[in-house]
Amino acid sequence: MSKMRLVLQSVEKASLLVDNVDKWVDIKRGFIVFVSFLKEGDPETVVKAATDVVKVKMFPKVEDDLSRTRADALANQPWEVMVIPQATLAGKIKGKQCQYHSQIDKSLGADLYTLFCDTIKKRINSRQRGCRGPVRHLRKPTGA
């Protein structure tokens, strides 16, 4: 049974309005992770998923001569990460409605979300750049 759901999107750059007014979070080349935790979610699964996100070779790396690209992992590149909690990923369509019966309790989900972000930070040896609110913006330090 599924314990969490992830969607990874590689980007050249991305911006997200986090307060619906004027507070934006921006990243350059990297990826966005949309994450949702289901009732069966547990810390062990979250740590494994975060580690896999850092290791998976799915992001295009342009070769020096710009003629070819090959897949590489976040752990090997100075890419940026934006992690966005996305509760709708826990939904299940039934008829004309979307039901969220499998969604984890909000407080437990918040704890797993923090663990997910902290594990990614630890695996890429990054620091969190001053971002408040539900979105975590992780940036790998230059020279790392």
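Preceding this paragraph is the structure being described.
Residues numbered from 1 in each chain as written. Predicted model: local features only at pLDDT ≥ 70, side-chain atom pairs only at ≥ 80, totals over all residues. Heavy atoms only, no water.

Asker: Break down the pattern of salt bridges for me, with residues and values.
Answerer: Side chains carrying opposite charge are able to pair once their charged atoms draw close together. Scanning the entire structure with this criterion turns up three salt bridges. Of the charged contacts, one joins D42 and K3 as a salt bridge, the two residues approaching to 2.9 Å between their closest N and O atoms. With a gap of 39 residues between them, D42 in the loop between β4 (30-37) and α1 (43-55) and K3 in the segment before β1 (4-11) connect regions that are remote in the sequence. (Salt bridge = Lys/Arg side-chain N within 4 Å of Asp/Glu carboxyl O. Helix = DSSP H or I, 4+ residues; strand = E, 2+ residues; numbered from the N terminus.)

Asker: Could you give an account of the layout of surface pockets, with specific residues and numbers?
Answerer: Roughly 310 Å³ of volume is contained in the largest pocket. P85, Q103, K106, G109 and A110 are the residues nearest the centre of the largest pocket, which is lined by 14 residues in total. Put simply, the parts of the chain that give the lining of the largest pocket at least two residues each are β4 and α2 (106-124). Of all the elements, α2 adds the most residues to the lining of the largest pocket, at five residues. Residue composition of the lining of the largest pocket, by class: seven nonpolar, five polar and two charged. (1 Å grid on protein atoms, 1.4 Å probe; cavity = no way out; pocket = protein on both sides within 12 Å on 5 of 7 lines; lining within 4 Å. Points joined across faces, edges and corners; volume = space filled by probe spheres on them. Nonpolar A, V, L, I, M, F, W, Y, C, P; charged D, E, K, R; others polar.)

Asker: Mind laying out the environment of T88, listing which residues take part and the relevant values?
Answerer: Here T88 is to be found in the loop between β7 (80-85) and β8 (92-94). A residue is classified by how much of its surface remains accessible, and T88, at 47% relative accessible area, is partly exposed. Separated by 15 residues in sequence, T88 and Q103 have C-alpha atoms that sit 8.9 Å apart. Side chain to side chain, T88 and Q86 meet in a polar contact 3.0 Å long. (Buried < 20%, exposed > 50% of the residue type's maximum accessible area, 1.4 Å probe, protein only. Polar contact = N/O pair within 3.5 Å; in protein donor to acceptor, adjacent residues only side chain to side chain.)

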